[in-house]
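Here is what each chain is made of, one letter per residue.
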Amino acid sequence: MKRAFLLLFSILTFCLHLEAQKKELTYYLPDIEYDANIPTPEEFLGYQIGEWHISHDQLTYYLKELARLSPRVTIEEYARSYEARPLSLLTITSVENQKNIDQILADHQAISDPNRSKKINLNDQPTVLYQGYTIHGNEASGANAAPLVAYYLAAGKGAAIDELLDNVVILLDPCYNPDGMDRFASWVNRHKNANLISDPNDREYSEVWPGGRTNHYWFDLNRDWLLVQHPESQGRIRNFHKWKPNILTDHHEMGTNSTYFFQPGVPSRTNPITPPKNQELTGKIAEFHAAALDKIGSLYYTRESFDDFYYGKGSTYPDANGCIGILFEQASSRGHLQESDNGILSFPFTVRNQVTSSLSTQEAALNLRKELLTYQRDFYTSAMNEARSASTQGYVFGDNYDASRVNALLDMLLQHQIEVYAIDNATRIQGQNITKGNAFFVPTNQIQNRLVRGIFETMTSFQDSLFYDISTWVMPYAFNIPFEAVSGTSISKGNQITTLPKVEAQIIGKKTNYAYAFEWDDYFAPKALFHLQKEGLLTKVVTRTFSSQTAEGRKDFNYGTILISVQNQQNHTEDEVYAILQEAIKNTGVKVYAISTGLTPNGVDLGSPNIETLKQPKVLLVVGNRVSSYDSGEVWHLLDQRYGMPITIVEQDEVSYIDLGRYTDMVLVDGGYTDLNVEKVKNWVQNGGSLITFKRATRWASTNGLAGVNMRSSKGSSSKKTRPYIKAGEDYGASVIGGAIFETELDLTHPICYGYHTEKMPSFRRGTLFFERPSNRYAMPSAYTISPLLSGYISNANYRTLKNSATIIVTGIGRGRTISFSDNTNFRAFWWGTNKLFANALFFGDIISRNTTESPRGTTPKKQEEAVDSHGHQH
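Cut-off values and rules
- Residue positions are counted from 1 within each chain, in the order its sequence is given.
- In view of the model being predicted, local features appear only for residues whose pLDDT reaches at least 70, and side-chain atom pairs are presented and counted only at 80 or more, with totals across whole chains, interfaces and linings using the full set of residues.
- As a rule here, side-chain values come from all non-hydrogen atoms in the structure, and water together with hydrogens is ignored.
- Helix axes use the C-alpha atoms of the stretch in contact, all axes being lines fitted to C-alpha atoms, and the angles between their N-to-C directions lie in the range 0 to 180 degrees.
- Helix and strand definitions here come from DSSP, where helices need a minimum of 4 consecutive H or I residues and strands a minimum of 2 consecutive E residues; each element is numbered from the N-terminal end.
- By definition in this entry, angles of less than 35 degrees are roughly parallel, angles greater than 145 are roughly antiparallel, angles of 65 to 115 are roughly perpendicular, and the rest are oblique.
- Contacts are residue-level and defined by heavy atoms, with any inter-residue pair within 4.5 Å sufficient.
- Charged residues are taken to be Asp, Glu, Lys and Arg, nonpolar residues to be Ala, Val, Leu, Ile, Met, Phe, Trp, Tyr, Cys and Pro, and polar residues to be all remaining types, Gly included.
- Every residue carries a pLDDT, the predictor's confidence in it, which falls somewhere between 0 and 100.
- Between the rings of Phe, Tyr and Trp (Trp by its six-membered ring), a pair exists once the centres lie within 6.5 Å; its type follows the angle of the planes, with under 30 degrees stacked, over 60 edge-to-face, and the other angles tilted.
- With a 1.4 Å probe rolled over the protein chains alone, any residue whose accessible area is under 20% of its type maximum counts as buried; one over 50% counts as exposed, and the rest are partly exposed.
- Any pair of N or O atoms that falls within 3.5 Å is considered a polar contact. Within protein, one atom must be able to donate a hydrogen and the other to accept it, and sequence-neighbouring residues count only if both atoms are side-chain atoms.

**Student:** I'd like a description of the packing of helix H4 (residues 56-69) against helix H7 (residues 141-155), backed by residues and values.
**Tutor:** Two numbers describe a pair of packed helices, the interaxial angle and the distance between the axes. Relative orientation of the contacting elements H4 and H7 amounts to 10 degrees, with a least axis distance of 10 Å. By the angle between their directions, the pair H4 and H7 is classed as roughly parallel. In this structure, H4 contributes Leu-59, Tyr-62, Leu-63 and Leu-66 to the contact, and H7 contributes Ala-143, Pro-147, Ala-150, Tyr-151 and Ala-154. Of the residues contributing to the contact of H4 with H7, the split by class is nine nonpolar, no polar and no charged.

**Student:** Summarise unusual backbone geometry; cite the residues concerned and give the values.
**Tutor:** Put simply, Trp-209 and Pro-210 share a cis peptide bond, and its omega is 10 degrees. Mapped onto the elements, Pro-210 comes out in the loop between helix H9 (178-190) and helix H10 (231-243). We note that Asn-571 has phi near 65 degrees; this positive angle belongs to a residue other than glycine. Its location among the elements puts Asn-571 in the loop between strand E22 (561-565) and helix H18 (574-584). The phi torsion at Asn-804 lies on the positive side, around 65 degrees, for a residue other than glycine. In this structure, Asn-804 sits in the loop between helix H23 (796-802) and strand E34 (806-813).

**Student:** Summarise the confidence of the model for the protein; cite the residues concerned and give the values.
**Tutor:** Taken as a whole, the protein shows an average pLDDT of 94; of its residues, 95% reach a score of 70 or greater. Note on residues 5-18: pLDDT is under 50 here. Beyond four places in sequence and across chains, it has four contacts.

**Student:** Requested: an account of the packing of aromatic side chains, with residues and values cited.
**Tutor:** Enumeration over the complete set of coordinates arrives at 43 aromatic pairs. Each ring, one from Phe-694 and one from Phe-838, has its centre 5.8 Å from the other, and the planes form 50 degrees; the classification is tilted. Highlighted residues: Phe-694 in strand E28 (residues 690-694) and Phe-838 in helix H24 (residues 832-844), separated in sequence by 144 residues. A relative accessible area of 0% means that Phe-838 is categorised as buried. Seen in terms of ring centroids, Phe-764 and Phe-827 are 4.2 Å apart; in terms of plane orientation they differ by 15 degrees. Their pairing is stacked.

**Student:** Hey, could you go over the side chain of Asp-307 for me, with residue numbers and the actual values?
**Tutor:** One can find Asp-307 in the loop between helix H11 (276-296) and strand E7 (324-331). Within the local environment of Asp-307, its side chain forms a polar contact with the backbone nitrogen of Phe-309, the two atoms lying 3.3 Å apart.

Structural data, given as structure tokens:
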């Protein structure tokens, strides 16, 4: 028995030693002749790929060296990450093609233009292949494959590679996410053993929160292709539309116990806007991957998982743009060597599979050249033909109150090369009269017709009830901008919008010695307010409507107007107050009105007890294990990047050791908080703190007496009918709300809803945690309507439960408040329309009347005969 054990141990040790050995170049690349003047990755780095995880700076320096030494290669920096790392794009093709690259680019662009494409001889044109790697930073095999692929193309010799480079222009994007990649490389290299450990329990394979998957602000950049909210994505989309590639590849990793996946994905989960020919070509390309992986003996699969539905992913965005998007998923070693169900999985093995499928894609681009170019030309021609025969001729959208939000939507559309026009007259949209200059028209009769449909069309019925990601992303809903589909030619189309309209902040009227006021309409009003507070100005909010005489005549001010009186500003002169105001509203659309008297013709006067003094928010974001890093990052990004607000971020177990008195607001996003000190948080809230909870954090707060929110049980089917075992996964998936859009109803008088003008508003929901309506009739600023589905998939059982449920509930605890959200108001940074609900919780949470709040669970409900404000005045 002992001998057998020793023999087994020796064999295992020998196998691990083999896996740990440095691999020769021919392990990864074809055994052909290479240009000796161009260094291999090993010669340049001092180690072979796979021995260590390459860092982003090493990767960049090596690729620059290839561009310096090889006439086939050029390199350009196309963006900088939040951490100032360069994102680079290599253009690799034959020397002759490099000499004519500008003409090749111009001709290739013409193929996507039906007005010019017929003049282009496709027989003379190369295909354009965009190969991109590691958009998730801890899926490192892609970025480590990139220098090998680049070396092969730069230094390889022979007829095969000459033919490839004569007929294909390869755009190589070595790392989509440099910040995440470097975070992960640092982790695994720091914990690597000289004698590699394959035990999955080893620290090397357990990254600390939040891990390396995401970018600096913890966003999943593979969901941002359509949303373009981050600099990495914005630069990448510029590259995409500059070149209009025929194939785009996106190299990922998945669970360690998997094998290798390449598309097609599940056929029934393809976006219906995508032409069938796209999937046919994807299948043809797949044959090249299969042959290459068969040759090296790698296991793989297709068609069983993943999909091509959400146009915001790297493998699907191309499908709406005349390109074939290909997803690769490699089982991840998540370090250097790890045990798996398929044996010992080494990092070099994962890199080799990514290199192999990179080269097989190049082979497909060469052999399917004419078919790919023809598809691209026909894609845009057929899009125009479909638009001409469709009943919907375009979409109108606009808003009278918030030009900043409208501009953000316009910016997104222009980045995707979508034609947008001003409307020359006043327009009625969804029952609202949108004034001239505030409304816009997107025609469907344009080459981006299919992407326009993907952005504007609503959908509530689906061929399949399972989604790899969200089931809808209607952009005007996300920005809370009224929009409508239009038919006929009734739109008075003005000039095409090619640059963003200028949004002007201004102070209306001369400098005054009395007061200034601005409404809470503009998206960046919180940024302006925080700047005023940071500079030491006393700021107030008017909780009633009023009118005042201004330089533009009589002006009606809405709930939530911000008031800055001039004379009680300690240590600030009239001139200084004016200068601070000017600085505060820069880069916003805020209009400040000078007011010369506190006596108003209508509504409250400016010394009214219904005007509340505001505190400067000092925000604490609690993060850590079991807390959503995505949702945490969305809060961080919103405050830091858009509102200019500093934010303190702490791990939940550290809360026990810090002084909570430094903070006015504590934010708990979706997640578990078992390590958070309940009693300390409760004391802080009772002493006047504002606790803001989202989703599962609300359940934690309610369970611990910090919120008065009861969860609504799902009204599912009570059928006991048996189902086939094989259907279990599908049935569970169909019960998930992966992402859909619903209509909510707002109480426009409530501080949480300041800055909104219509009672109905779209809201994005993921998950099946539902709030019961509160017992206090004033404690619910927002709830779903009785028929709320606007777009997306939801099961019948979940829909019955969702209807008329609460979306925001305010609980009173001593002098503090808990404000609970059932939905994520900051989803993926593109839900601009609901961001202000969260901002209002930060700025106005502490002025909410105690009598209008729900009691915490386990306490006696308050009387509701009358509601009063924080000064004791009746509403």
